[in-house]
Amino acid sequence: MIPHHIVTGPDDAPVLVLSNSLGTTHEMWDPQAEALAERFRLVRYDTRGHGGSRTPHGPYDIEEVGGDVIDLLDHLGVEKAHVAGLSLGGMTAMWLGIATPRRIDRLVLLCTSPLMGPPETWRDRSALVRAEGTQAIVDATLERWLTADYRASHDISWLRDMFVGIDDEGYANCCSIIQHMDLTANLAQIVAPTLVIGGAQDPATPPAQHAEKIHQTILGSRLEILDPGAHLISVERPDAVTNLILEHLEA
Ligand SMILES: O=C(O)CCC(=O)CC(=O)O
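Residues numbered from 1 in each chain as written. Predicted model: local features only at pLDDT ≥ 70, side-chain atom pairs only at ≥ 80, totals over all residues. Heavy atoms only, no water.

- Per an unreviewed UniProt entry, the chain carries the name 3-oxoadipate enol-lactonase and comes from Solirubrobacter ginsenosidimutans.

Next comes the structure, spelled out in structure tokens:
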């Protein structure tokens, strides 16, 4: 399936695909988009079940959301691309690095995990969202996404609106991806030069259990833990994330 996407930047520049997290759209990358599109042909898309993309019958698995990126690259006539993804987007990026190494140039993995258990959490969350909608979990989600200091000092209504605007069934179907996904056994197969970014205060993917393990497993990867920073690190630390991405992709 070709997901809804937006392409900006010069046609002849290297391609960078940005993959969104659960409960967001391509707009989560707004803080990075302008700077990155000066140097890359920037492809932002909405994971299936989110934003402008369709919500096919679920549940989904990691092969399907990864396959959507391959379909998108084929559709755009792109042979090889850099991919940066946050959380679910990072899972998609890791799967691409494992399954289709010849299509992937460099990877940036932000606040993500090859195994984000326990499975019951995801089963229960999808059931709750199917029953009561994303509205039922928006407050708790925003607390995981951003530190208390950030929430107190910034207008985050755009993120709340984005989250409650996500299709409930699409959100629930994507919870199933995380519920069933385990990339740990294959992670060491990634050969793409990889930057791993964590948030020191991320309660969803605490760096000691996730980012550091990814870094230890992917040979030659670079690890950066941003402090302060919670789960939606590209929003909370926009300039630091943009600069790290540029440094890694242009090295
Ligand atoms: O952000 C993701 O893509 C998956 C993890 C998550 O849902 C973070 C949260 O707990 O809200």
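## Structural notes on the pairing of strand β7 (residues 222–226)
Move 1: Direction of pairing for strand β6 (residues 194–199) relative to β7: parallel, over a ladder of five bridges. Residue pairing across strands places Gly199 opposite Leu226, the latter belonging to β7. (Pairing = 2+ DSSP bridges. Helix = DSSP H or I, 4+ residues; strand = E, 2+ residues; numbered from the N terminus.)

## Some details on the sheet that holds strand β4 (residues 81–86)
Move 1: An order of β1-β3-β2-β4-β5-β6-β7 is seen for the seven strands of this open sheet, with the pairing classed as mixed. Strands with a single pairing partner mark the edges of an open sheet, and in this sheet they are β1 (5–8) and β7. Along the sheet, successive strands turn relative to each other by an average axial angle of 15°, direction set aside.
Move 2: Of the strands in this sheet, β1, β2 (15–19) and β3 (41–45) are in contact with helix α1 (residues 30–37), which crosses β3 at around 155°.
Move 3: Packing against the sheet, helix α3 (residues 88–99) makes contact with β2, β3, β4 and β5 (104–110), and its axis sits at approximately 145° to β4. (Axes fitted to C-alpha atoms, helices over the stretch in contact; angles between N-to-C directions. Contact = heavy atoms within 4.5 Å.)

## Quick notes on helix α7 (residues 157–164)
Move 1: For α7, the full list of buried residues reads Leu159, Met162 and Phe163. End-on, the buried residues of α7 take up no more than an arc of 95°, which puts them together on one face.
Move 2: Where α7 is buried, its residues meet α5 (138–145), α8 (168–180) and α10 (233–236). (Buried < 20%, exposed > 50% of the residue type's maximum accessible area, 1.4 Å probe, protein only. Arc of directions from axis to C-beta.)

## Remarks on the side chain of Arg103
Move 1: Along the chain, Arg103 turns up in the loop between α3 and β5.
Move 2: A polar contact of 2.9 Å, which involves the side chain of Arg103, links it to the side chain of Asp74.
Move 3: For Arg103, the residues in contact, after removing those within four places along its chain, are Ile70, Leu73, Asp74, Val78, Glu79, Lys80 and Ala81. (Polar contact = N/O pair within 3.5 Å; in protein donor to acceptor, adjacent residues only side chain to side chain.)

## A closer look at the packing of aromatic side chains
Move 1: Here the structure, examined in full by the defined rule, presents two aromatic pairs.
Move 2: Arranged with centres 5.6 Å apart and planes meeting at 90°, the rings of Trp145 and Phe163 form a pair that is edge-to-face. Placement of the pair is Trp145 in helix α5 and Phe163 in helix α7, with a sequence separation of 18 residues.
Move 3: For Trp145, a relative accessible area of 4% translates into the label buried.
Move 4: When the ring of Phe163 is compared with that of Tyr171, the centres are 5.5 Å apart and the planes differ by 85°; the resulting orientation is edge-to-face. Summarising the burial analysis for this pair, Phe163 and Tyr171 share the class buried. (Phe/Tyr/Trp six-rings, centres within 6.5 Å; stacked < 30°, edge-to-face > 60°.)

## Concerning the environment of Glu27
Move 1: Within the secondary structure, Glu27 is located in the loop between β2 and α1.
Move 2: Given the relative accessible area of 37%, Glu27 is considered partly exposed.
Move 3: Through-space distance from the C-alpha of Glu27 to that of Leu159 is 9.3 Å; in sequence the pair is 132 residues apart.

## Description of the site of the ligand
Move 1: Within the structure, the ligand sits among 13 residues, and Leu22, Ser87, Leu88, Arg144 and His231 are positioned closest to it.
Move 2: Residue Leu88 places a main-chain N or O atom 2.8 Å away from an oxygen atom belonging to the ligand.
Move 3: In this structure, His231 approaches the ligand through a side-chain N or O atom, which is 2.9 Å from an oxygen atom.
Move 4: Within the complex, 99% of the 310 Å² of free accessible area of the ligand lies under protein.
Move 5: Breaking the shell around the ligand down by element, the ones donating at least two residues are α4 (119–132) and α5.
Move 6: For the shell around the ligand, the element with the highest residue contribution is α5, accounting for three residues. (Near = heavy atom within 4 Å. Areas by Shrake-Rupley, 256 points an atom, 1.4 Å probe, with all protein chains shown as cover.)

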